[in-house]
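Next come the chains, spelled out residue by residue.
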Amino acid sequence: MSKKFDVVVIGGGPGGYVAAIRCAQLGFETACIDKWLNKDGKAVFGGTCLNVGCIPSKALLDSSHKYHEAKDNFDIHGIQVGDISMDVSAMLKRKDQIVKNLTMGVATLFKANGVKAFEGTGKLLAGKKVEFTNHAGTVEVLEAEHVIIATGSVPVNIPPAPLTDGIIVDSSGALEFPEVPKRLGVIGAGVIGLELGSVWGRLGAEVVVLEAQDKFLHLVDQAVAKEAQKLFTKQGMDIRLGARVTGSKIGSNDVTVTYQDAEGEKTEKFDKLIVAVGRRPYTEALLAGDAGVNLDERGFIHVDESCQTDAPGVWAIGDVVRGPMLAHKASEEGVMVAERIAGHKAQLNYDVIPSVIYTHPEIAWVGRTEEQLKADGEPYNVGMFPFAANGRAMAANDTDGFVKIIAHAETDRILGASVIGPSAGDLCQQVVVAMEFGSSAEDMGMMVFSHPTLSEVVHEAALSVNNAAIHKANRKPKKK
Ligand code: FAD
Ligand code: AMP
């Protein structure tokens, strides 16, 4: 006999587990299926984000930043630490413990909210039925009024650099190097490549990033991208643009990579190579032929703006559908779908989803960039303010970067913001809140920001849109 639920969620990452919790909060009998097994072979919820994504990468970014600060930047504060050493295995253990705490936290939240956890694989059948196969191979069918697919994404592999025995690794392998590689190659200067390259670079690896595109961070505001390239290069990252990897050869304990750039074919030898060329939606063995759910031409599950698939009562959210592959986007889609199932008029503002690169300095942006506004033919004004003119940044000896806010030239409504600098992710979030409420740059300029804080740089950038910054010379006098 099949089990009946109001909602069955397939996938327990930040999209799926959040959707399941909100469905349960709204009073629905909810099941969540996930097939993830961690390094110890234990079934855990939390998906890519908690197990091999956002959280473990940030744990290592924070550890490596602290090491780098202690090694190179304490002197200026009058602190001498003498010889400093590091223990990579302790760093990895700390990271693993954080992952464990958080994945256990999801299990606890499921219990507290009455979500029924199913450990194993889900397959969508016709008629909102889900075939569930547990890790021992036992099959049962779950019936649902609504099914939410949240099966996420997996790393893209490229034929010139197939994953090999801990030498050529994807992002998950790059979170597990047992020691610091002497020479590390990274294919792809995207968010993941830059973050993981930063971790091992700060710990002492010589890092070479090979990026096929001619432009660095081509989707990011180009003033920010230029500043980032300059700062990362100063930190010792060797960034080679227009460099397309075409082959690799494994040696006794290393790999020789062949790449093509404007000058022709070149080779480089590395101890380890990280392939970070993007992620693809994951739908393997997920859909029965008659399930009624379609994929788009890029392999994402086809959905409308409210995440409804082509099969009535079947929804899809997160990395497996169009839009940025970000944990917070997945979660908010999960909440929106749960609310919609409950008949509420929830919607997600896709124009105001922030992105963050957790390097140092951090990079964050929201809305449209200056390049996009130019292409759209939209009239705009720009306000910029540097961290170098901010008292708190000086006190922290963290003065690289700036905040850039762009507003409509006629209405003054904020259309986008880009930040490179300390705590850029948190600072950009302040503009996200303002944009969500339709704020003008002038409105933001009239808000009171605590002194001395880094957020004063956001305030001054907003003031600067209308030539009213206080702590720098404005381009033109402020209008009377
Ligand atoms: P996932 O987290 O991928 O979860 C999908 C789940 O579905 C998995 O647990 C999988 O086991 C399960 N599953 C798949 N198929 C089935 C099936 N048939 N049956 C049962 N279960 C199934 N994003 C950010 O916003 N901020 C960051 O800082 C950030 N850092 C990242 C760093 C790295 C190294 C990586 C790799 C990613 C990072 N991301 C970050 C991206 C983020 O992890 C993803 O956007 C997010 O996890 C997507 O959530 P999801 O729920 O859609 O899918
Ligand atoms: P993202 O999609 O943001 O993770 O970035 C992945 C990056 O990898 C993109 O900027 C791609 O241009 C880059 N890339 C993809 N294939 C190759 C390749 N063969 N050699 C070098 N860079 C690549």
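All values derive from a computational prediction rather than experimental measurement.

Calculation notes
- Residues numbered from 1 in each chain as written.
- Chains lettered and ligands numbered in written order.
- Predicted model: local features only at pLDDT ≥ 70, side-chain atom pairs only at ≥ 80, totals over all residues.
- Heavy atoms only, no water.
- Salt bridge = Lys/Arg side-chain N within 4 Å of Asp/Glu carboxyl O.
- Buried < 20%, exposed > 50% of the residue type's maximum accessible area, 1.4 Å probe, protein only.
- Helix = DSSP H or I, 4+ residues; strand = E, 2+ residues; numbered from the N terminus.
- Pairing = 2+ DSSP bridges.
- Disulfide = S-S within 2.5 Å.
- Patch = residues over 30% accessible without salt bridge, like charges linked within 9 Å, V, L, I, M, F, W, Y side chains within 5 Å.
- Areas by Shrake-Rupley, 256 points an atom, 1.4 Å probe, with all protein chains shown as cover.
- Lys, Arg positive; Asp, Glu negative; His and termini not counted.
- Charge placed at Lys NZ, Arg CZ, Asp CG, Glu CD.
- Near = heavy atom within 4 Å.
- Polar contact = N/O pair within 3.5 Å; in protein donor to acceptor, adjacent residues only side chain to side chain.
- Nonpolar A, V, L, I, M, F, W, Y, C, P; charged D, E, K, R; others polar.
- Axes fitted to C-alpha atoms, helices over the stretch in contact; angles between N-to-C directions.
- Contact = heavy atoms within 4.5 Å.
- Domains from an automatic or database assignment.
- Buried area = accessible area lost by both parts, 1.4 Å probe.

Colleague: Give a detailed account of the pattern of salt bridges, specifying residues and quantitative values.
Modeller: The final tally for this structure, using the stated rule, is 22 salt bridges. Aspartate 96 is paired through a salt bridge with lysine 95; the nearest N and O atoms lie 3.1 Å apart. According to the relative accessible area criterion, aspartate 96 is partly exposed, its value standing at 28%. For lysine 95, a relative accessible area of 2% corresponds to the buried category. Close ionic contact of glutamate 268 with arginine 240 constitutes a salt bridge, the shortest N to O distance being 2.7 Å. Separated by 28 residues along the polypeptide, glutamate 268 in strand β13 (residues 264-270) and arginine 240 in strand β10 (residues 238-240) bring together distant segments of the chain. Accessibility classification places glutamate 268 together with arginine 240 in one group, the buried group. In the salt-bridge network here, residues are joined through shared partners; they are Arg183, Glu206, Asp238, Arg240 and Glu268.

Colleague: Could you give an account of the pairing of strand β18 (residues 362-367), with specific residues and numbers?
Modeller: Along β18, 5 of the 6 residues are buried, which leaves the element largely enclosed by surrounding structure. As defined by bridge partners, strand β17 (residues 355-357) adjoins β18 across 3 bridges and the pair is classed as antiparallel. Bridge assignment links isoleucine 357 to a residue of β18, and that residue is isoleucine 363.

Colleague: I'd like to hear about the state of the cysteines, residue by residue, with values.
Modeller: Under the counting rule described, the total for this entry stands at 0 disulfides. The cysteine cysteine 23 is free of any disulfide, with cysteine 32 supplying the nearest cysteine sulfur at 9.8 Å. Judged by relative accessible area, cysteine 23 falls into the buried class, the value being 0%. Take cysteine 32: its relative accessible area is 0%, and that puts it in the buried class.

Colleague: With reference to specific residues and values, describe a positive patch on the surface.
Modeller: The grouping of Arg475, Lys476, Lys478 and Lys479 at the surface amounts to a positive patch. Position of arginine 475 among the secondary structure elements: in the segment after α12 (456-465).

Colleague: I'd love a proper account of the site of ligand 1, names of residues and values included.
Modeller: As a structural note, the neighbourhood of ligand 1 is formed by 39 residues, with Gly15, Asp34, Thr48, Lys58 and Ala327 the closest of them. Residue leucine 326 places a main-chain N or O atom 3.2 Å away from an oxygen atom belonging to ligand 1. Its free accessible area being 1000 Å², ligand 1 has 95% of it covered by the protein chains. Of all elements in the fold, only β2 (30-34), α2 (47-52), α3 (54-73), β3 (116-125) and α7 (327-341) reach the threshold of two or more residues within the shell around ligand 1. Here the shell around ligand 1 gets 4 residues from one element, more than from any other, and that element is α2. Across the shell around ligand 1, the residue classes break down as 16 nonpolar, 18 polar and 5 charged.

Colleague: Go over the sheet that holds strand β20 (residues 402-408) with me, naming the residues and quoting the values.
Modeller: Working definition: the strands of a sheet are paired by backbone hydrogen bonds and lie parallel or antiparallel to each other. As summarised here, the arrangement of the 5 strands in space is β17-β18-β21-β20-β19, forming an open sheet in which the pairing is antiparallel. Whereas interior strands pair on both sides, the edge strands pair on one side only; in this sheet they are β17 and β19 (380-386). Geometrically, the sheet is characterised by an average inter-axis angle of 10° between neighbouring strands, direction not taken into account. Against the sheet, helix α6 (residues 222-234) contacts β18, β20 and β21 (414-421), and its axis sits at roughly 5° relative to β21. Each of β17, β18, β20 and β21 touches helix α10 (residues 424-436); the most contacted strand, β18, lies at about 10° to it.

Colleague: A description of the pairing of β13 should follow, citing residues and the corresponding values.
Modeller: On any regular strand, side chains alternate: one points to one face of the sheet, the next to the other face. Here strand β12 (residues 255-261) runs beside β13; their pairing, made up of 7 bridges, is antiparallel. Across the sheet, residue tyrosine 259 finds its bridge partner in β13, namely lysine 266. Between β12 and β13, which follow one another and run antiparallel, lie 2 residues.

Colleague: Go over the domain arrangement of the protein chain with me, naming the residues and quoting the values.
Modeller: Here the protein chain is described as being made up of domain 1 (3-155 + 280-348), domain 2 (168-277) and domain 3 (352-465). The interface of domain 2 with domain 3 comprises 17 residues on the first partner and 17 residues on the second. Where domain 2 abuts domain 3, roughly 1500 Å² becomes buried across the two surfaces, and 68% of that area is made up of carbon and sulfur atoms. At the surface where domain 2 touches domain 3, the tally comes to 1 salt bridge. The salt bridge partner of lysine 404 is aspartate 221, with a shortest N-O separation of 3.0 Å. Viewed at the interface, domain 3 and domain 2 are joined by 4 residue pairs in polar contact (both at pLDDT 80 or more). Those elements giving two or more residues to the side of domain 2 that touches domain 3 turn out to be α5 (191-202) and α6. It is α6 that provides the largest number of residues to the side of domain 2 that touches domain 3, a total of 7 residues.

Colleague: Could you give an account of the site of ligand 2, with specific residues and numbers?
Modeller: What surrounds ligand 2 is a group of 15 residues, the closest being Gly188, Glu211, Ala212, Ala243 and Val245. Within the backbone of alanine 212, one N or O atom sits 3.1 Å away from a nitrogen atom of ligand 2. Take valine 245: an N or O atom from its main chain is 2.9 Å from a nitrogen atom of ligand 2. Against a free-state accessible area of 510 Å², the protein chains account for coverage of 74% of ligand 2. Of the residues that constitute the shell around ligand 2, the class distribution is 9 nonpolar, 4 polar and 2 charged.

Colleague: Give a detailed account of the sheet that holds β12, specifying residues and quantitative values.
Modeller: Spatially, β11-β12-β13 is the arrangement adopted by the 3 strands of the open sheet, whose pairing is antiparallel. The open sheet has two edge strands with one neighbour each: β11 (244-250) and β13. Strand-to-strand twist of the sheet, defined as the mean angle between neighbouring strand axes without regard to direction, takes the value 25°. The pairing of β11 with β12 spans 6 bridges and is classified as antiparallel. Counted as the bridge partner of valine 245 is tyrosine 259 from β12.

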